[in-house]
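Now for the letters of each chain:
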Amino acid sequence: MQLAMGMNTVTAAVRWVLLACGLMIISGRFISQPLLERANNAKQLQLMTGISPFVYWHSHFLLDFIFYLVAIIFVVIAIWILDVEQTVTHSGKMGVLFFLLVLYGISGIPFTYIITFLVRSSAKAFSLFLIFQLLTGIVAPLVMLGLESIYSEKSTPRLKFDLANGLLCLNPLYALTSALVRLVKVMIEVSNCSKCSIICDSSALFEGHSVWNILEYVIFLMTEWILYWFIIFMIDFGLLELFWSNVRSKLIGPMFKYTVVDDDDVAEEKQKARNFMLNNVHPEQPVRDGPVLKVCGLGKKYNRNMVAVHEVSILVEKGQCFGLLGVNGAGKNHHFQDAYWRGNTNRGNSIHIVL
C-alpha cells in the first residue's frame, strides 16, 4: 500500500514539474517585446518624450499579466477536467494551486524583464532564459528535495542547505516548483483520506516536518517581486549606471589634458556654453527663453588609456535642426545617451535637455 502511494506521489510530482516547465515557456514569451523596443531604440525614444519608466514597465506588466492570467485559468480548467483520479478535487487544494500560479506571475514576469537588460538579441535572450530556468528552476528543486530528505533524516547542521535554498528561491520558478512538489504530496494524502472517509490533518502543508515547507516558498513568491522592480527601476533611472560610473572614474583616473588648439567656431561655442552655465543660477531648471539642449564639457573615458569623448560643449536653440556627424565609433550615440541619461559620463557640467 505504501509502495503504491509512493509511486503515485512520484508520478504526480513529475506531472506538476511538467506544469512548471509549461509556465516557464509562457513567461519566456514576455522577453521579446521589451527587448525589441530596447534593441531598435523605441524604448529610448519613448522615455525621451517624457514617459516615466514606471508607466513604461507597468503598461508592459499589465498586458503580460492579463495574458498570463488567462493562460493559467485555462491550465486550471484543464487540470480539473483531466483529474481522473480526482486527487485535486478531493483534496480541496485547487484554490491553493491557483494562488501559487498567480503569485508566480506577479514575481516571474518582472524577473523575466531583467533578462532583457543582459543581451540585445531575442533568440539569445530566450535561449539564456530557458537554460537558466531549466537548471535552477526545474532540476535544482528536485536535487534540493533529495538533499532535504538527507538533512531531515540525519539532523546535521543545515546552514549551508538553507543558504543555498534561499539563494535559489530568488528565482521564482524554483520557488514555484518546490512549492508544487510539496503541494502534490499533501494533495495525495488528503485525497486518500477523503476517499476512505477519514478526516485528515493537512497542516503539513504549512507545518510539516521537512526542512522547508510550502509557507517559506509562498513568502518568497509574495515578496521577491519588490526586489525585481527595484533592480529594473535602478537600471532605467540610471542609478546603477551612475554608481558604476563613479566607481570606474576612480579606477581609470582623471581625464587627459589635451593641448590641442580648437578652431575659432569650436572655441566660441565652448565659451558660450560655459558662460551660459555660469550665468544660470539653477542649471537643472528649464529656461524658457534659453537653449533647449545644453551640454558643457562632456567627457567619457573607457579605461586609463582610451578617451572616447573629450570636452564637448553644445548649445542648441529652439527651432534649430541639430545633428552629430562622425565615423562609426566616434561617440555620437554615446554622446546623446549621456546627454539624456545624465550620469554615464566621467566629466561634464550640467547636461540637460529641455523639451
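Residues numbered from 1 in each chain as written. Predicted model: local features only at pLDDT ≥ 70, side-chain atom pairs only at ≥ 80, totals over all residues. Heavy atoms only, no water.

**Focus: the overall build of the protein chain**
For step 1, the next point in the chain: Of the regular secondary structure elements, the protein chain holds 14 helices and three strands.
For step 2, the next point in the chain: A buried classification covers 41% of the 355 residues belonging to the protein chain.
For step 3, the next point in the chain: Contacts in the protein chain between residues at least 24 apart in sequence constitute 75% of all its contacts with a sequence separation of at least 6. (Helix = DSSP H or I, 4+ residues; strand = E, 2+ residues; numbered from the N terminus. Buried < 20%, exposed > 50% of the residue type's maximum accessible area, 1.4 Å probe, protein only. Contact = heavy atoms within 4.5 Å.)

**Brief notes about the nonpolar core**
For step 1, the next point in the chain: If you look at the biggest cluster of nonpolar residues, it comprises 60 residues, and the most contacted ones within it are W16, Y68, L97 and L100.
For step 2, the next point in the chain: Among the secondary structure elements, those contributing two or more residues to this core are helix 1 (2–28), helix 4 (53–82), helix 6 (94–115), helix 7 (122–154), helix 9 (172–195) and helix 11 (214–236).
For step 3, the next point in the chain: Here this core takes 12 residues from helix 6, the largest share from any one element.
For step 4, the next point in the chain: Sequence-distant contacts of L97, that is, excluding residues within four places in its chain, are made with W16, I79, L180, L183 and M187.
For step 5, the next point in the chain: The next biggest cluster of nonpolar side chains, apart from the first, holds six residues, and it includes L293, V295, L298 and V316. (Core = buried A, V, L, I, M, F, W, Y, C linked by side-chain atoms within 4.5 Å.)

**Re the side chain of S107**
For step 1, the next point in the chain: Within the secondary structure, S107 is located in helix 6.
For step 2, the next point in the chain: The exposure class of S107 is buried, given its relative accessible area of 0%.
For step 3, the next point in the chain: Once you skip the residues sitting within four places of it in the chain, S107 turns out to touch P172, L221, E224, W225 and Y228.

**Observations regarding the packing of aromatic side chains**
In this description, a pair of aromatic rings is defined by centroid distance and the angle of the planes.
For step 1, the next point in the chain: Applying the stated criterion across every chain, the model contains 15 aromatic pairs.
For step 2, the next point in the chain: A centroid spacing of 5.7 Å and a plane angle of 80° characterise the contact between F61 and W229, whose relative ring orientation is edge-to-face. Of this pair, F61 sits in helix 4 while W229 sits in helix 11; the two residues are 168 residues apart in sequence, bridging distant segments of the chain.
For step 3, the next point in the chain: For F61, a relative accessible area of 17% gives the class buried. (Phe/Tyr/Trp six-rings, centres within 6.5 Å; stacked < 30°, edge-to-face > 60°.)

**With respect to helix 11**
For step 1, the next point in the chain: Compared with the 33 Å implied by 1.5 Å per residue over 23 residues, the 34 Å span of helix 11 between its first and last C-alpha is a close match.
For step 2, the next point in the chain: T223 marks where helix 11 bends most, by close to 35°.
For step 3, the next point in the chain: For helix 11, every residue scored as buried is listed here: I214, Y217, V218, L221, E224, Y228, W229, I232, F233, M234 and D236.
For step 4, the next point in the chain: Two residues or fewer past helix 11, G238 is found with a positive phi of approximately 80°. (Expected span 1.5 Å × (residues − 1). Bend = angle between axes of the 7 residues up to and from the residue.)

**Describing a nonpolar patch on the surface**
For step 1, the next point in the chain: Together, L62, I66, V70, I73, F74, I77, W80, I81 and L82 line one region of the surface with nonpolar side chains, adding up to about 960 Å² of accessible area.
For step 2, the next point in the chain: Position of L82 among the secondary structure elements: in helix 4. (Patch = residues over 30% accessible without salt bridge, like charges linked within 9 Å, V, L, I, M, F, W, Y side chains within 5 Å. Areas by Shrake-Rupley, 256 points an atom, 1.4 Å probe, with all protein chains shown as cover. Salt bridge = Lys/Arg side-chain N within 4 Å of Asp/Glu carboxyl O.)

**Re unusual backbone geometry**
For step 1, the next point in the chain: One non-glycine residue with positive phi stands out, namely N41, at about 65°.
For step 2, the next point in the chain: If you trace the backbone, N41 turns up in the loop between helix 2 (32–39) and helix 3 (42–48).
For step 3, the next point in the chain: When its relative accessible area of 34% is taken as the criterion, N41 is described as partly exposed.

Any functional reading would require information beyond the geometric quantities listed.
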